[in-house]
Structures are given as structure tokens and as C-alpha cells.
Amino acid sequence: MRIRKKKWAEPELSRCSYFVSDPAQYRGRWKEFFQNDNPIELEVGCGKCTFIGEKARRNPDVNYIAVDIKIDMLGVGRRNIETIFEAEGHSPGNIALVRYNVEMLHEVIGKEDGIGKLYINFCNPWPRLKHKKRRLTFPKKLLMYKRFLTPDAKIYFKTDDDGLFEDSVEYFTGSGYRIAYLTRDLHNSEITDNIVTEHEKMFSDEGVPIKYLEAVPLA
Ligand SMILES: C[S@@+](CC[C@H](N)C(=O)[O-])C[C@H]1O[C@@H](n2cnc3c(N)ncnc32)[C@H](O)[C@@H]1O
């Protein structure tokens with residue numbers, strides 16, 4: 001997703017209590033950042049954070065690490081999170097915003113962090129053959145995620161893109177995951193607690209069915 005430069009993003013994030021400027025220092029110790037033993041969930045490519053903001057509001061006893069590579073995106077995300085939490089009367093204590101390249105996420109999250117749920121929402125489809133390795137569901141990344149997922153963890157993946165979805169089904173099964181649930185029309189499925197992301201709204205408004213799967217790592 002392209003985003004215009006936001007001059008205010010970096011200064012606002014530097015004053016934000018839940019933006020983590022040096023996330024690698026918390027590798028294996030994210031409980032210390034959150035100051036509790038609550039379960040930790042992760043979103044990669046969080047974009048403008050409407051998903052993670054709403055998740056965190058609904059689930060105050062779960063901690064959320066939201067990762068994106070773009071600082072301007074996280075700047076908009078911080079504002080969106082504050083709007084979501086306005087009615088609560090406080091800033092969230094269960095979110096960590098992290099600017100990082102998912103390719104290197106093992107530098108930031110370790111086995112000891114025990115990620116139980118990982119969300120991949122509308123990652124860039126990268127349709128050209130030579131770019132497919134950049135996909136956040138590409139096998140190399142699925143293998144890396146396994147390094148910090150708990151044995152009973154789940155990955156939740158949704159996209160508008162048919163090619164990315166069908167390839168990803170193969171990526172998951174070929175990388176030691178079992179597909180526990182799959183639908184090619186999420187909004188007409190039995191899933192009732194879906195939180196619509198920015199991209200999801202855009203595509204479903206255009207009538208594009210949303211493809212969705214849940215995958216569990218095999219031992
Ligand atoms: C198409 S947007 C989707 C945003 C949001 N998840 C949604 O559903 O609306 C993809 C996001 O992934 C981020 N992204 C792409 N490659 C990444 C990488 N290697 N590491 C971290 N974030 C990445 C982009 O900056 C962008 O915000």
C-alpha cells in the first residue's frame with residue numbers, strides 16, 4: 001500500500017508509550033514490556049492498525065504486537081488506535097507498535113515470547129514471479145514464524161487476491177502447517193467475529209469475496 005509522507009508520524013510515535021523504537025531489546029522478554037503474563041498475539045503488515053486497535057479494545061487481557069515496515073503507516077495507525085480507545089478513556093496498555101521488516105522478525109520475537117495467534121491481513125500479493133518471495137506467507141517466512149509460535153498456535157490469513165490465496169494454501173501445507181479452516185467467501189461464512197481491516201472494507205465494497213484460512217503448525 002502506498003502512503004504519502006506524514007511529517008507528524010515520527011514525532012508523534014516518538015512520544016507514544018506503546019511505540020517500541022528498539023524492539024530487538026525485547027526479544028524473548030515481551031512480557032516485560034507489557035508488564036504482565038497475558039498471552040501475546042502478533043499481526044504482521046498491520047497497516048493503519050484498525051484491526052489491531054479493535055482486537056486490543058475487545059480483548060484487554062491479551063497483548064498485541066503489531067508490525068509494519070512503514071513509519072508513516074504506523075503514525076496513521078497510532079492515531080486510529082487512539083480514536084478506537086477514546087471511548088475507553090485511556091490509551092491501550094496491551095499494544096506494542098513495532099516498525100520492522102518481517103523478513104528479519106526473528107531478531108525481535110523469540111520462542112520464549114510464545115506467540116499463540118498470528119494475523120496476516122491482506123499482505124501485498126506480489127503477483128510477479130520474481131517478487132513472490134516478498135509475500136508475508138512465502139514458505140521461508142512460514143518457517144520463521146514457526147520458530148516463535150506455540151505448539152497449539154494458529155495463523156489467521158485473509159486476502160482479496162485469488163492467486164495469493166491459492167499459492168498460500170500450498171505454502172502452508174508445504175511448510176508443515178495443517179489447514180484447519182478455509183473459506184473463499186468469509187463474509188458469507190459461519191465466522192461471526194471477523195474484524196474488517198482497511199483493505200478488506202475497500203475490496204468488499206467493490207464486491208470482491210474475501211478469502212480466509214486458519215492454519216496450525218504441525219509438530
Ligand atoms: C496491503 S497493506 C494491508 C494493511 C492491513 N493489514 C489491512 O488489511 O488493511 C500491507 C501492509 O504490509 C506492510 N508490509 C509489506 N511488507 C512488509 C514487510 N516486509 N515487513 C513489514 N511490513 C510489511 C505494508 O507496509 C502495508 O502496511
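Once a new chain begins, its residue numbering starts again from 1 and follows that chain's sequence as written. This being a predicted model, a pLDDT of at least 70 is required before a residue's local features are given, and a value of 80 or more before pairs of side-chain atoms are given or counted; all residues contribute to the totals for chains, interfaces and linings. Note: side-chain values were computed over all heavy atoms of the structure, leaving out hydrogens and water.

### Some thoughts on the environment of methionine 104
Strands are runs of DSSP state E lasting at least two residues, helices are runs of H or I lasting at least four, and both sets are numbered from the N terminus onward. Examined against the element boundaries, methionine 104 turns out to sit in the loop between strand E4 (95–99) and strand E5 (115–121). Among the residues examined, methionine 104 registers a relative accessible area of 36% and is labelled partly exposed. Residues methionine 104 and tyrosine 171 lie 67 residues apart in sequence; the distance between their C-alpha atoms is 19 Å. Relative accessibility decides the category of a residue: with a 1.4 Å probe and only protein chains considered, values under 20% of the type maximum give buried, values over 50% give exposed, and everything between is partly exposed.

### Observations regarding the domain arrangement of the chain
Per the domain assignment, the segments of the chain are domain 1 (1–113) and domain 2 (115–135 + 148–219). Domain 1 and domain 2 are separated by 20 Å when their C-alpha centres are compared. Only heavy atoms enter the contact rule, under which two residues are in contact if any of them lie within 4.5 Å. On the domain 2 side, the residues contacting the 22 residues of domain 1 number 18 residues. Summed over both partners, the accessible area (1.4 Å probe) lost when two parts come together is defined as the buried area. Of the roughly 1,700 Å² buried where domain 1 meets domain 2, counting both sides, 57% is carbon and sulfur surface. By definition here, a salt bridge exists when the distance from a side-chain nitrogen of Lys or Arg to a carboxyl oxygen of Asp or Glu is within 4 Å. Where domain 1 packs against domain 2, one counts zero salt bridges. Put simply, the parts of the chain that give the side of domain 1 that touches domain 2 at least two residues each are strand E2 (40–44) and helix H3 (50–58). Where each domain starts and ends comes from a domain assignment, either automatic or drawn from a database.

### Description of the pattern of salt bridges
When their charged atoms lie close together, side chains carrying opposite charge are able to pair. Applying the stated criterion across every chain, the model contains 15 salt bridges. Its salt-bridge partner being aspartate 162, residue lysine 211 comes within 3.2 Å of it at the nearest N-O pair. With lysine 211 in strand E8 (residues 211–217) and aspartate 162 in helix H6 (residues 162–174), the pair connects residues that are 49 residues apart, well separated along the chain. For lysine 211, a relative accessible area of 3% translates into the label buried. In this structure, aspartate 205 engages lysine 201 in a salt bridge whose closest nitrogen and oxygen atoms are separated by 2.6 Å.

### A short note on the site of the ligand
If you check the shell around the ligand, you find 18 residues, and the closest are Gly45, Asp68, Asn101, Thr197 and His199. Between a nitrogen atom of the ligand and a side-chain N or O atom of asparagine 101, the distance comes to 2.9 Å. Between the ligand and valine 102, the relevant distance is 2.9 Å, taken from a nitrogen atom to a main-chain nitrogen or oxygen of the residue. Where accessible areas are quoted, they stem from the Shrake-Rupley method and a 1.4 Å probe; at the residue level, only the protein chains shown are allowed to cover. For the ligand, the protein covers 94% of the area, taking 600 Å² as the surface of the free molecule. Residue classes in the shell around the ligand are distributed as seven nonpolar, seven polar and four charged. For this description, a residue counts as near a given molecule or strand if any of its non-hydrogen atoms is within 4 Å of it. Distance and chemistry together define a polar contact, namely a pair of N or O atoms within 3.5 Å, with one atom able to donate a hydrogen and the other to accept it when in protein, and with adjacent residues in sequence counting only for side-chain atoms on both sides. Under this grouping Gly is polar, as are all residues other than the nonpolar Ala, Val, Leu, Ile, Met, Phe, Trp, Tyr, Cys and Pro and the charged Asp, Glu, Lys and Arg.

### With respect to the environment of tyrosine 26
Secondary-structure assignment places tyrosine 26 in the loop between strand E1 (19–20) and helix H2 (30–34). When its relative accessible area of 17% is taken as the criterion, tyrosine 26 is described as buried.

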